[in-house]
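The primary structure of each chain is shown beneath.
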Amino acid sequence: MRKIVIPLVAFFSGILVISLVLLFSSETPSVSLAAFFTRPFSSWWNAGNLLNKAGLLMLAASGAAFALKSGTFNLGGEAQIYAPALLTAVFLSNPAIQTAGKSAQGWFFVLTFILALLTGAVIAGIPGILRAKFRINELLTSFLLSAAIVPLIDYLISGPLRDSKKNLLATRAIGEVFRLTPFLRPALLNISFLIAIICTLLAWLFITKTRAGYKLTISGTAPEFARFIGFPVPATAGTGMFISGALHGLTGFFSVTGTWYLCHNGGTAGMGWSALAIALIARGNLLAVIPSALLYAWLETASETAVLATRFSFDSTSLIQGVIFLVVSARGLKKFGLCKFREKKPESRKPTQKEPL
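Residues numbered from 1 in each chain as written. Predicted model: local features only at pLDDT ≥ 70, side-chain atom pairs only at ≥ 80, totals over all residues. Heavy atoms only, no water.

A.B. asks: Any details on the overall build of the protein chain? Residues and values, ideally.
C.D. replies: Check the secondary structure of the protein chain and you find 14 helices and 0 strands. A burial count over the protein chain gives 48% of its 357 residues as buried. Accessible surface computed for the protein chain: about 18,100 Å², of which carbon and sulfur atoms make up 67%. (Helix = DSSP H or I, 4+ residues; strand = E, 2+ residues; numbered from the N terminus. Buried < 20%, exposed > 50% of the residue type's maximum accessible area, 1.4 Å probe, protein only. Areas by Shrake-Rupley, 256 points an atom, 1.4 Å probe, with all protein chains shown as cover.)

What follows is the structure, encoded as structure tokens:
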């Protein structure tokens, strides 16, 4: 029961805070609140785009949850999504590839997919290796590495890689042949949503049904016991970071091929933190990531939609993330062994025969 209560408290706390902000900041509170609760489902365009966003967040959140299962904390999701997105946009917008044959284009699409996956895995794997080899806390190194990479990518997009034919701070658009076809226009919902669900389910099956997944879970939740029975705890932590980064890399790939069709400056801002918030709401349970991503995508989309109906300007996504982190992060850190403080209870013992009762 407690596993359900805390995520629900976090989710409804986000709804309450956004509702109060809209209530006191809007000149027409009833209109703003109505837009908050109903606008995301008012048309297929809104609902389809909501599901499309949920798919991207689901894929990234499964990566964040995978890291938590391995006993690590991946704070570098921003760069692990952003860098593969830039690589995808640059490769698939190459004019020479767009004029090549269909077979060559197909192979190049697959190659770009693999490179995007590996790019995210390498960026996350570096902090994993530093933890495994030198016992350097990956929470700090993943954040610092991401903080160093993101401004570099911003510079590349606004400078050398910018499409000079347009006024946007963005790369050239990828070729039409490389764009994932939406299920039903005008919404952008495409096959990446189904791929995200499949990847999340496969990750859950790996964790719960395989021997390697059992080793990873035990090493993450009970590292002392894992060392005692001979499990390679440092290597397992590094593996968890690699897989976490790979899933973030896939998020960057599908965000370009299925949603933006280019990479613009600051395009993935907040996506890595949103994925971490979803993973904490799901309490690291990969199966629970699916409904958590859907609920979070609705909350984020509804708040952004409602804010447009008011004259009050604020970053609703950051506000939602802050509320959720405040409610669930402390328990999440303790659950996954990242919070070492434990309250010591006084020991009770029976008096001996020499001691008075």
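A.B. asks: Describe the packing of helix 6 (residues 102-134) against helix 11 (residues 233-260), naming the residues involved and giving the relevant values.
C.D. replies: Between helix 6 and helix 11, whose axes approach to 6 Å, the crossing angle comes to 145 degrees. By crossing handedness, the relation of helix 6 to helix 11 is classed as right-handed. Residue classes in the contact of helix 6 with helix 11 are distributed as 18 nonpolar, 8 polar and 1 charged. (Axes fitted to C-alpha atoms, helices over the stretch in contact; angles between N-to-C directions. Left-handed = near helix turned anticlockwise from the far one by under 90°. Nonpolar A, V, L, I, M, F, W, Y, C, P; charged D, E, K, R; others polar.)

A.B. asks: Requested: an account of the nonpolar core, with residues and values cited.
C.D. replies: In terms of nonpolar packing, the biggest core is built from 52 residues, with Phe36, Met58, Leu59, Phe254, Ile278, Val289 and Trp298 touching the most fellow members. Elements represented by at least two residues in this core include exactly helix 1 (2-25), helix 3 (44-69), helix 8 (191-209), helix 11, helix 12 (271-281) and helix 13 (286-308). With 12 residues, helix 3 is the largest single contributor of residues to this core. Residues contacting Ile278, with those up to four places away along its chain left out, are Leu57, Ala61, Val289, Ser292, Ala293 and Tyr296. (Core = buried A, V, L, I, M, F, W, Y, C linked by side-chain atoms within 4.5 Å. Contact = heavy atoms within 4.5 Å.)

A.B. asks: Run through the side chain of Asn190, naming residues and quoting values.
C.D. replies: Structurally, Asn190 can be placed in the loop between helix 7 (138-158) and helix 8. By relative accessible area, which is 0% here, Asn190 ends up buried. A distance of 3.4 Å separates polar atoms of two side chains, one belonging to Asn190 and the other to Asn52. Reaching out from Asn190, the side chain makes a polar contact with the side chain of Ser192 at a distance of 2.5 Å. Apart from residues no more than four positions distant in its own chain, Asn190 is found in contact with Asn52, Leu180, Thr181, Pro182, Phe183 and Gly258. (Polar contact = N/O pair within 3.5 Å; in protein donor to acceptor, adjacent residues only side chain to side chain.)

A.B. asks: For a nonpolar patch on the surface, give the residues involved together with the corresponding values.
C.D. replies: Together, Trp44, Phe183, Leu184, Ile191 and Leu194 make up a nonpolar patch on the protein surface, roughly 470 Å² of accessible area in all. With respect to the helices and strands, Ile191 occurs in helix 8. (Patch = residues over 30% accessible without salt bridge, like charges linked within 9 Å, V, L, I, M, F, W, Y side chains within 5 Å. Salt bridge = Lys/Arg side-chain N within 4 Å of Asp/Glu carboxyl O.)

A.B. asks: Go over the side chain of Ser70, please, and point to the residues and values.
C.D. replies: Tracing the backbone shows Ser70 in the loop between helix 3 and helix 4 (77-92). On the basis of relative accessibility, which here comes to 2%, the residue Ser70 falls in the buried class. Here Ala67 takes part through its backbone oxygen, which lies 2.8 Å from a polar atom of the side chain of Ser70. Here Ser70 is in contact with Leu216, Gly220, Thr236, Ala237 and Gly240, once residues within four sequence places are set aside.

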